[in-house]
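In case you want the letters, here they are:
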Amino acid sequence: QETCPSVKNILLLDSEGKRVAVKYYTDDWPVLSAKLAFEKSVFVKTQKASSGAEGNLYSVFFFL
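All figures in this text were calculated on a predicted structure; none of them were measured in a lab.

**Q** So what's going on with the environment of Ile10? Residues and values would help.
**A** Mapped onto the elements, Ile10 comes out in strand β1 (residues 9–14). Here Ile10 falls in the partly exposed class, since its relative accessible area comes to 24%. Along the backbone, Ile10 and Tyr24 are 14 residues apart, and their C-alpha atoms lie at a distance of 6.6 Å.

**Q** So, the pattern of salt bridges: which residues are in play, and what are the values?
**A** A pair can form between side chains of opposite charge whenever their charged atoms are brought close. Counted according to the given criterion, the structure contains 2 salt bridges. For Lys8, the salt bridge goes to Asp28, with nearest N and O atoms at 3.2 Å. With a gap of 20 residues between them, Lys8 in the segment before β1 and Asp28 in the loop between β2 (19–24) and α1 (32–49) connect regions that are remote in the sequence. Judged by its relative accessible area of 30%, Lys8 is partly exposed. Residue classification places Asp28 among the partly exposed positions, given a relative accessible area of 42%. A salt bridge links Arg19 to Glu39; the shortest N-O distance between them is 2.9 Å.

**Q** Tell me about the side chain of Glu39, and please be specific about residues and values.
**A** Mapped onto the fold, Glu39 is located in helix α1. Ignoring sequence-local partners within four residues, the contact set of Glu39 consists of Leu11, Leu13, Arg19, Val22 and Tyr24.

Here is what the cut-offs are and how they apply
- Residues numbered from 1 in each chain as written.
- Predicted model: local features only at pLDDT ≥ 70, side-chain atom pairs only at ≥ 80, totals over all residues.
- Heavy atoms only, no water.
- Helix = DSSP H or I, 4+ residues; strand = E, 2+ residues; numbered from the N terminus.
- Buried < 20%, exposed > 50% of the residue type's maximum accessible area, 1.4 Å probe, protein only.
- Salt bridge = Lys/Arg side-chain N within 4 Å of Asp/Glu carboxyl O.
- Contact = heavy atoms within 4.5 Å.

The structure is reproduced here in structure tokens:
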């Protein structure tokens, strides 16, 4: 068990959920299809949470 948090990945997605830039530091998502599915699920969840907010061009996510 880790005692210090570490960044697993960083996602920068545009307003449609498309990749602008991503960096994966672990092999938790070993193939591209798994990474894309993960990115889509993150985007969908954040859209639900921020449905009232407008003007977001990009979303940045850091996963620990």
